[in-house]
Amino acid sequence: MLGCLEGITQQMTAQHIHPALAPFTPRVRDWFERAFAEPTPAQVQAWPTISRGEHALVSAPTGSGKTLAAFLWALDRFVADPPPADPRERTLRLVYVSPLKALGYDVERNLRAPLRGIGADVHVAVRTGDTPQKERAAMLRTPPDILITTPESLYLMLTSQARRLFTATQWVIVDEIHAVAQTKRGAHLAVTLERLVEQAGRDVQRIGLSATQRPLDEVARYLVGPSRTCTVVDAGVRKSLDLRIHVPVEAMVEPDVTVELDHLPGGGEATRRSIWPAIYPELLRLVREHRSTLVFVNNRRAAERIALRLNDLAAQESEAAGESAREIARAHHGSLAREERVVIEDQLKSGRLPCLVATSSLELGIDMGAVDLVIQVESPKSVSRGLQRIGRAGHGVGERSEGRIFPKFRADLLECAVVTKLMREGRIESTVVPRNALDVLAQQIVAIAASAGDDEPVVVDDLHALVTRTHSYAELPRPLLENVLDMLDGRYPSAEFGELRPRIVWDRVAGTIRARAGAGRLAITNAGTIPDRGLY
């Protein structure tokens, strides 16, 4: 009788398990069911593919739970196959790559809750340009189980002695992949991922996370290259938008403003025909009407200026009302020190700071808490960028995103109208991956040769095979590679380049290359590419 009751209990429990959670261990499954009502569509579609060990590209809008979808299966494997108790015997099994340092720190914080919930003994480390030397050295002595890093830091680690950490890597998660795929930074990352595979000695499972992009097949090919198969998980349901264009003047030909310019300290950019004196009060009004507001601008100078003006106007209003003035806006951009960025982000999340004026540094998937409103000053310049930024508001499953766009001049108003129409229709631009970027290729060749050492020269055939496994260099002809090797070996087309020092030695008879003295230092001190925009 007791056995029958146990069988009935197990059957009833199995019936209540969501099918998407079936592959997970009971401990992870129980935590998820306690923490969430049910899996999101992105998670339901992604987990079967990820649990089978397939490469996957998960495309879903902001706030759809796709980051947890990528991480949870690896966390489950840490429960099923726990790391050794001795920290020195642990191996790095999961690498998370974020194009933005702030996003990496955010993910590290968000991992704490599931790790506590499932009771996993997992060590998470962050390695970016902000990481102190003491912590970098500690990673070599006691490897983390999960590493959160950036494309440039991953490249640096693979070029240095830290590359031995990656010999047991099983998974790599590339977040916000759409932010790098269309740039040379993406070509640089593609080669770095192949170097990671070489170091691991296995085909590391790749999981890409992307906002809604098209064509998704092109982004998937970029993620895995031409010789691998990638399953596309398209959970890109169009997010509900409350989107309006706000023009604070009657006519943009000659703005009829009622704000005295003398009331705006340091307002050198404002003239009698400027629209700025009309924009600032409207921005302040919207900020006061909402609990938390993100204002996006297209450059750092504008971010600093608008934050200053909003605080000045708020102080004037408080003084007129006989109240004590308080700071209501701060600027956020890539030039801020990490400590200051963390303080500002925490102030917005906790509700102590009503407004944050940001550049592209906050348009990616950083969890900024409950943002009520997003304001875009000037056209976002592209549909995908506009959706990414407005999607910061209502950053939750099924929530509506409220956004207001302020054009600055007549041509900008026309562009805003077109971009807004396309945003509502979900008609984003096509993704184009740059091919055969030879400057990036030269940099990676020097790094590969330097990391190999003098005892193990790099075989040119193997080098060509490695780079052509990437989508960015899949069509790289051998003569073009040899031209780059000629340049790096000091065979220049004319005497004008004679002052440039060779970086490698190319043995054409043996078909190998090795680094010259100082090449490793050069590769490390000149990591990455010049970004199109300040994302890191």
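Residues numbered from 1 in each chain as written. Predicted model: local features only at pLDDT ≥ 70, side-chain atom pairs only at ≥ 80, totals over all residues. Heavy atoms only, no water.

Engineer: Any chance you could explain the nonpolar core here in plain terms?
Structural biologist: Generally speaking, a soluble globular protein has its nonpolar side chains buried in company with each other. One finds Trp47, Phe71, Leu72, Leu75, Leu111, Ile146 and Ile173 to be the most contacted residues of the largest nonpolar core, which totals 41 residues. In terms of residues, this core owes the most to one element, helix H4 (residues 66-80), which gives 10 residues. Residues Leu57, Ala181, Leu196 and Val433 belong to the second largest nonpolar core, which totals 33 residues. (Core = buried A, V, L, I, M, F, W, Y, C linked by side-chain atoms within 4.5 Å. Buried < 20%, exposed > 50% of the residue type's maximum accessible area, 1.4 Å probe, protein only. Helix = DSSP H or I, 4+ residues; strand = E, 2+ residues; numbered from the N terminus.)

Engineer: Help me out: how do you make sense of the sheet that holds strand S5 (residues 171-174) in this one?
Structural biologist: Consider a sheet: its strands pair through backbone hydrogen bonds, and that pairing is either parallel or antiparallel. In space, the seven strands of this open sheet follow the order S3-S4-S2-S5-S6-S1-S7, with parallel pairing throughout. The sheet is open, and its two edges are formed by strand S3 (124-127) and strand S7 (230-234), each paired on a single side. Strand-to-strand twist across the sheet, computed as the mean angle between neighbouring axes with direction ignored, equals 15 degrees. Pairing between strand S1 (residues 55-59) and strand S6 (residues 205-210): four bridges, direction parallel. For Leu57, the partnering residue across the bridge sits in S6 and is Gly208. (Pairing = 2+ DSSP bridges. Axes fitted to C-alpha atoms, helices over the stretch in contact; angles between N-to-C directions.)

Engineer: Could you clarify how one ought to interpret the side chain of Lys66 in this entry?
Structural biologist: Following the sequence through the fold, Lys66 ends up in helix H4. Although Lys66 lies buried, it forms no salt bridge, and the closest oppositely charged side chain, Glu176, sits 5.4 Å away as judged by the N-O distance. At 3.1 Å, the side chain of Lys66 forms a polar contact with the backbone oxygen of Ala60. Excluding its chain neighbours within four sequence positions, the residues that come into contact with Lys66 are Val58, Ala60, Pro61, Leu209, Ser210 and Ala211. (Lys, Arg positive; Asp, Glu negative; His and termini not counted. Salt bridge = Lys/Arg side-chain N within 4 Å of Asp/Glu carboxyl O. Polar contact = N/O pair within 3.5 Å; in protein donor to acceptor, adjacent residues only side chain to side chain. Contact = heavy atoms within 4.5 Å.)

Engineer: In this structure, what is going on with the packing of helix H17 (residues 460-467) against helix H18 (residues 478-488)? I would like to understand it.
Structural biologist: For any two helices packed against each other, one specifies the crossing angle of their axes together with the interaxial distance. Where H17 contacts H18, the two axes come as close as 11 Å, and the packing angle between them is 115 degrees. Where H17 crosses over H18, the two elements pack in a sense that is right-handed. On H18, the residues that touch Val460, Asp461, Leu463 and His464 of H17 are Arg478, Leu481 and Leu485. Along the lines of polarity and charge, the residues of the contact of H17 with H18 split into four nonpolar, one polar and two charged. (Left-handed = near helix turned anticlockwise from the far one by under 90°. Nonpolar A, V, L, I, M, F, W, Y, C, P; charged D, E, K, R; others polar.)

Engineer: I tried to follow the packing of aromatic side chains on my own but got confused; where do I start?
Structural biologist: Given two aromatic rings, their pairing is described by the distance between the two centres and the angle made by the two planes. Taken as a whole, this structure holds nine aromatic pairs when the rule is applied. Each ring, one from Trp276 and one from Tyr280, has its centre 5.4 Å from the other, and the planes form 25 degrees; the classification is stacked. Of this pair, Trp276 and Tyr280 are both found in helix H11 (residues 276-289), four residues apart, which corresponds to roughly one turn of the helix. Judged by relative accessible area, Trp276 falls into the buried class, the value being 8%. (Phe/Tyr/Trp six-rings, centres within 6.5 Å; stacked < 30°, edge-to-face > 60°.)

Engineer: Looking at this structure, how should I read the sheet that holds strand S16 (residues 512-515)?
Structural biologist: Judged by pairing direction, the sheet is antiparallel, and its three strands sit side by side in the order S14-S16-S15 without closing on themselves. The strands lining the two open edges of the sheet, one partner per strand, are strand S14 (458-459) and strand S15 (504-507). One ladder, built from two bridges, connects S14 with S16; its direction is antiparallel. Each residue of the ladder has a partner; that of Val458, found in S16, is Ile513. Contacts from helix H16 (residues 438-452) reach S14, S15 and S16 within the one sheet, and its direction differs from that of S16 by about 80 degrees. Relative to S15, H18 is tilted by about 125 degrees, and along the sheet it contacts S15 and S16.

Keep in mind that these numbers describe shape and distance, not what the molecule does.
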